[in-house]
Amino acid sequence: MDSELAALTASGASTLVSLMVSDSWTHARELLRRFLSRNDAGNSTITDLDAARGRLLASQSTGHPHEARETVEQWDAYLRHLLEARAVSGAELRELLTSLQHLQSAAARPDTVHNHVKGGVHHGPVIQSGRITGLTIHAHHPDRVCH
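Anyway, here's the lowdown on the structure attached to this text. (Residues numbered from 1 in each chain as written. Predicted model: local features only at pLDDT ≥ 70, side-chain atom pairs only at ≥ 80, totals over all residues. Heavy atoms only, no water.)

### A word on the packing of aromatic side chains
Within the structure shown, the criterion is met by one aromatic pair. Here the aromatic rings of Trp 75 and Tyr 78 are separated by 5.5 Å at their centres, their planes lie at 75°, and the arrangement is edge-to-face. Taken together, the residues Trp 75 and Tyr 78, both in helix α4 (residues 67-84) and three residues apart, mark about one turn of the helix. Take Trp 75: its relative accessible area is 4%, and that puts it in the buried class. (Phe/Tyr/Trp six-rings, centres within 6.5 Å; stacked < 30°, edge-to-face > 60°. Helix = DSSP H or I, 4+ residues; strand = E, 2+ residues; numbered from the N terminus. Buried < 20%, exposed > 50% of the residue type's maximum accessible area, 1.4 Å probe, protein only.)

### Quick look at helix α3 (residues 44-62)
Between its first and last C-alpha atoms α3 spans 27 Å; for 19 residues at 1.5 Å apiece the expected length is 27 Å, and the two agree. All of the buried residues along α3 are Thr 45, Ile 46, Leu 49, Ala 52, Leu 56 and Ser 59. All buried residues of α3 project into a common sector of 140° when viewed along the axis, lining one side. Counted as exposed and oriented over 90 degrees from the buried face of α3: Thr 47, Ser 61 and Thr 62. Packing partners of the buried residues in α3 comprise α1 (3-20), α2 (25-36) and α4. (Expected span 1.5 Å × (residues − 1). Arc of directions from axis to C-beta. Contact = heavy atoms within 4.5 Å.)

### Points about the packing of α2 against α3
Where α2 contacts α3, the axes come no closer than 10 Å and their chain directions differ by 155°. Taken together, the axes of α2 and α3 lie roughly antiparallel to each other. At the point where α2 passes α3, the crossing takes the right-handed sense. Counting all contacts with α2, which are made through Trp 25, Arg 29, Leu 32, Arg 33 and Leu 36, the residues of α3 involved are Thr 45, Ile 46, Leu 49, Asp 50 and Arg 53. Partitioning the contact of α2 with α3 into residue classes produces five nonpolar, one polar and four charged. (Axes fitted to C-alpha atoms, helices over the stretch in contact; angles between N-to-C directions. Parallel < 35°, antiparallel > 145°, perpendicular 65-115°, else oblique. Left-handed = near helix turned anticlockwise from the far one by under 90°. Nonpolar A, V, L, I, M, F, W, Y, C, P; charged D, E, K, R; others polar.)

### Focus on the nonpolar core
The nonpolar side chains of soluble globular proteins are, as a tendency, buried together. Residues Met 20, Trp 25, Leu 32 and Leu 49 are the most contacted members of the largest nonpolar core, which totals 26 residues. Elements supplying a minimum of two residues to this core: α1, α2, α3, α4 and α5 (90-108). Considering every element that reaches this core, the biggest residue donor is α1, with seven residues. What Leu 49 contacts, discounting residues up to four positions off in sequence, is Leu 16, Met 20, Trp 25, Leu 32, Leu 36 and Trp 75. (Core = buried A, V, L, I, M, F, W, Y, C linked by side-chain atoms within 4.5 Å.)

### Observations concerning the pattern of salt bridges
This model, assessed by the stated rule, comprises seven salt bridges. Of the charged contacts, one joins Glu 30 and Arg 33 as a salt bridge, the two residues approaching to 2.5 Å between their closest N and O atoms. Taken together, the positions of Glu 30 and Arg 33, both in helix α2 and three residues apart, correspond to about one turn of that helix. Residues joined in a network through salt bridges with shared partners are Glu 30, Arg 33 and Arg 34. (Salt bridge = Lys/Arg side-chain N within 4 Å of Asp/Glu carboxyl O.)

### Some remarks on α1
The terminal C-alpha atoms of α1, which comprises 18 residues, lie 26 Å apart, in line with the 26 Å expected from a rise of 1.5 Å per residue. Among the residues making up α1, those that are buried are Leu 5, Ala 6, Leu 8, Thr 9, Gly 12, Ala 13, Thr 15, Leu 16, Val 17, Leu 19 and Met 20. For α1, the N-terminal cap is Asp 2; the gap from its side-chain oxygen to the backbone nitrogen of Glu 4 is 3.2 Å. (Polar contact = N/O pair within 3.5 Å; in protein donor to acceptor, adjacent residues only side chain to side chain.)

### Concerning the packing of α1 against α2
Viewed as axis vectors pointing N to C, α1 and α2 meet at an angle of 135°, and their least axial separation amounts to 8 Å. Here α1 is positioned oblique relative to α2, judged by the angle of their axes. Seen from above, α1 lies across α2 with left-handed handedness. Across from Leu 16, Leu 19 and Met 20 in α1, the residues of α2 making contact are Trp 25, Ala 28 and Leu 32. When its residues are assigned to classes, the contact of α1 with α2 shows six nonpolar, no polar and no charged.

Set out below in structure tokens:
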């Protein structure tokens, strides 16, 4: 295996392991499931990924410092195996790695929220929300009589 592909598998394994303990894991797992489904119809590799993630999460609370390094080595070897067996191409692995790195960088950036209330003075709570559907607001106006 040439040095470029070896660097690619090492980077892919490292990125994968860092995503295992992030909030982006669900998205990363789905990318990997689709990527690996051609070569792993029984999804045993996804089961292995889930088990590795469980070990990583457990090692964070028990303080086992070698678990992350061992997991990176395991997935580096697996990605190398896929390339050597020609189950995936270098281009396909690069595409996967680009997607995983995008998830990783998005997970590292905290979202910033800026709120602006316009339209005059508000003497009460202002509620910000994403999407609200099926909402009916009944306002009580003491100066208005409704019959």
